[in-house]
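# Structure assessment
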Amino acid sequence: MKDTLTLWWDEDEGGIRYIDQTKLPGEFSVALCTTIDRLITAIQRLEIRGAPALGVAGGYGVALAAATSTGTSFKEFLHDVKGKAERIRTSRPTAVNLGWGVERVLARVLEETDIEEARTAALSEARKIADEDTRCCHAIGDCGAALLPDKCTILTHCNAGALACSSWGTALGVIRSAVERGKEVKVIACETRPLLQGARLTAWELARDGIDVTIIGDSMAAHMMQTTQINAVMVGADRITGDAVFNKIGTYMHAVCARHHCIPFYVAAPLSTFDAIHKEREVTIEERGRDELAVLGDRTLIPDGVPVRNYAFDATPMELVSAIITEHGIVRPPFAINALLSHAGPKDNGCLK
Ligand code: MRU
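We now turn to the structure provided with this report. Here the structure is a predicted model, which means the values were calculated and not measured. (Residues numbered from 1 in each chain as written. Predicted model: local features only at pLDDT ≥ 70, side-chain atom pairs only at ≥ 80, totals over all residues. Heavy atoms only, no water.)

A few words now on the overall build of the protein. What the protein contains, in helices and strands, is 11 helices and 15 strands. Relative to a compact globule of 353 residues, whose C-alpha radius of gyration would be 20 Å, the protein shows 20 Å and is just as compact. Expressed as lengths along the three principal axes of its C-alpha atoms, the size of the protein is roughly 65 × 50 × 40 Å. Within the protein, the proportion of its 353 residues that are buried is 58%. If you take every contact in the protein between residues at least 6 apart in sequence, the share linking residues at least 24 apart comes to 74%. Surface accessibility of the protein: about 14700 Å² in total, with carbon and sulfur atoms responsible for 52%. (Helix = DSSP H or I, 4+ residues; strand = E, 2+ residues; numbered from the N terminus. Rg over C-alpha atoms; globule rule 2.2 N^0.38 Å. Buried < 20%, exposed > 50% of the residue type's maximum accessible area, 1.4 Å probe, protein only. Contact = heavy atoms within 4.5 Å. Areas by Shrake-Rupley, 256 points an atom, 1.4 Å probe, with all protein chains shown as cover.)

Turning next to the sheet that holds strand S4 (residues 151-156). If you trace the 7 strands from one edge of the open sheet to the other, you get S6-S5-S4-S7-S10-S14-S15, paired in mixed fashion. Looking at strand neighbours, the two that pair on one side only are strand S6 (212-216) and strand S15 (329-331), the edges of this open sheet. For this sheet, the mean angle separating the axes of adjacent strands, direction not counted, is 25°. Inspection of the sheet shows strand S10 (residues 265-268) paired to strand S14 (residues 323-326) by 3 bridges, in the parallel sense. Within the sheet, the bridge partner assigned to valine 267 lies in S14 and is isoleucine 324. (Pairing = 2+ DSSP bridges. Axes fitted to C-alpha atoms, helices over the stretch in contact; angles between N-to-C directions.)

It is worth spelling out the side chain of glutamate 112 at this point. Take glutamate 112: it is sitting in the loop between helix H4 (96-110) and helix H5 (115-145). The exposure class of glutamate 112 is buried, given its relative accessible area of 15%. Within the local environment of glutamate 112, its side chain forms a polar contact with the side chain of arginine 108, the two groups lying 3.0 Å apart. Glutamate 112 has contacts with Phe74, Glu117, Ala118 and Ala121, leaving out every residue within four places of it along the chain. (Polar contact = N/O pair within 3.5 Å; in protein donor to acceptor, adjacent residues only side chain to side chain.)

If you trace the backbone, glycine 217 turns up in the loop between S6 and helix H8 (221-226). Judged by its relative accessible area of 12%, glycine 217 is buried. For the pair glycine 217 and cysteine 190, spaced 27 residues apart in sequence, the C-alpha to C-alpha distance is 5.7 Å.

Nothing here speaks to function; it is geometry throughout.
So this is what it looks like as structure tokens:
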């Protein structure tokens, strides 16, 4: 199976190249971003999206801030880069990888004392994050593939594929690795209202790889579980605290239904998605604009004046999770997250393989 890169540094243009995910599946378009304002817009519009890809974008974002800073003294340069790093870090609140990528590259910049050396160090650290993410996804795939039966139907939600990472994917990485090992895996992908990452992106990338994928409306998942058409649920994550898994809105409802029907609920994520500091109640769940729900093309779907809530993520309590698949192996209840992180170190993010 081909490994497609989602975002990378364009040496000639001095900017970030990325697959514009808002255009898929109709158009495959590679965009270029050479300013921090444009990068923040790309992140907020979900042109670049998915937790691990946001970590890579955060890292390249700091490299871009360093490359484009007009500061003449090192002090001015640092002030500028730090300010831009903070703007990137806070451009979306829920996926912890974004801040993780920003902080990792910023820490590297802070070790230097010269502008040119800081620029080189920032870019090299950002590239390291991107390469590591690809390796982590393959390691997650290797570990997770063993969990899947030789013949199975897996329900997934949103897009935790190559497009959400540097390449290969987390939840979809497990599916890709299982298919590569000769397993017969069928995927049921929820469309994922309102931005349709499942229908547009998961369907696009799996179909492109020749993997059997069928789209359902989000509210059809319970019926499919009840009628024994699903063997396991496999999702990615935007943040994993000691007490919950944050992922695309709707994930919690699948976890509740899976538990009710005794179906395993798996989460696939790299250590860069773990948050050892916060508890579930301290995490901000992004709320997005009304129009994502209220407008379809040129049609208004909800009467003017009727309020809308548009939560982008929800929190699945740990007791509903059967296992978390990481690049360091499979973690099972009671999910000793602090022990896992102190063993592997979230900063090194090094893969076992
Ligand atoms: O709002 P999005 O599209 O960035 O949300 C993405 C998700 O919820 C993914 O499932 C999650 O980031 C896992 S990606 C490997």
